[in-house]
Amino acid sequence: TVAVASPARSVQAGGIPLLHYPTLAVLTRNAFVPTLFADPLQQPVLLTENAEKLAETDQPAALWSALAEGTAPPLAGYDVLMVVDPPAAPYRRTLPGEILFEAPRLTVIRLPGGRS
């Protein structure tokens with residue numbers, strides 16, 4: 001399972017749009033990612049009851065803001081956190097796990113007890 005944190009007003013229509021990058025884990029790792037579009041009127045995807053709860057609870061903008069403030073929640077039920085356009089450097093002091101990958105616009109963090 002992959003939690004996603006991204007800034008509230010991100011649209012990323014130009015440049016290198018990374019907002020949907022975490023959903024590649026669905027294809028490559030058979031993972032659940034809460035930002036996967038699962039509208040029954042538009043996509044042939046249905047979420048399980050547990051997945052719906054995770055998707056409703058852990059909104060990307062709220063997670064990003066919590067990271068920026070140094071108050072990231074424990075993210076129970078997730079193995080990995082992908083941070084798109086990470087906040088300024090101080091957030092690194094309170095990361096909720098171990099950095100697996102880091103680039104200027106994307107950080108991947110293994111959460112405690114998580115698999116990758």
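Residues numbered from 1 in each chain as written. Predicted model: local features only at pLDDT ≥ 70, side-chain atom pairs only at ≥ 80, totals over all residues. Heavy atoms only, no water.

This part is about the overall build of the chain. Scanning the chain from N- to C-terminus turns up 3 helices and 4 strands. Ordered by position from the N terminus, the helices and strands of the chain form the series β-α-α-α-β-β-β. For 116 residues, the compact-globule estimate of 2.2 N^0.38 gives 13 Å, and the C-alpha radius of gyration of the chain, at 14 Å, lies within 12% of that figure. If you line up the chain on its principal axes, its C-alpha atoms span 40 × 35 × 25 Å. (Helix = DSSP H or I, 4+ residues; strand = E, 2+ residues; numbered from the N terminus. Rg over C-alpha atoms; globule rule 2.2 N^0.38 Å.)

Moving on, we come to the pairing of strand β4 (residues 106-110). Among the 5 residues of β4, 4 are classified as buried, and the element is accordingly described as predominantly covered. As paired strands, strand β3 (residues 98-103) and β4 are joined by 5 bridges and run antiparallel to one another. When the sheet's bridge partners are listed, F101 is paired in β4 with V108. Hairpin connection between β3 and β4: a loop of 2 residues separates the two successive antiparallel strands. (Buried < 20%, exposed > 50% of the residue type's maximum accessible area, 1.4 Å probe, protein only. Pairing = 2+ DSSP bridges.)

Another point: the nonpolar core. Membership of the largest hydrophobic core comes to 17 residues, with the highest contact counts inside it found for A5, L75, Y78, L81 and V83. For this core, the elements supplying multiple residues, two or more each, are β1 (2-5), α2 (49-57), α3 (60-69) and β2 (80-84). The contacts of Y78, once residues within four sequence positions are left out, are T1, V2, A3, F32, P34, L54, A55, D58 and L111. If you look at the next biggest cluster of nonpolar residues, it comprises 12 residues, including L18, A25, M82 and V108. (Core = buried A, V, L, I, M, F, W, Y, C linked by side-chain atoms within 4.5 Å. Contact = heavy atoms within 4.5 Å.)

We now examine α3. Residues of α3 that are buried: P60, L63, W64, A66 and L67. Angular distribution of buried residues about the axis of α3 spans 160°; they occupy a single face of the element. In this structure, the buried residues of α3 make contact with β1 and β2. With its phi angle positive at about 80°, G70 sits one or two positions after the end of α3. (Arc of directions from axis to C-beta.)

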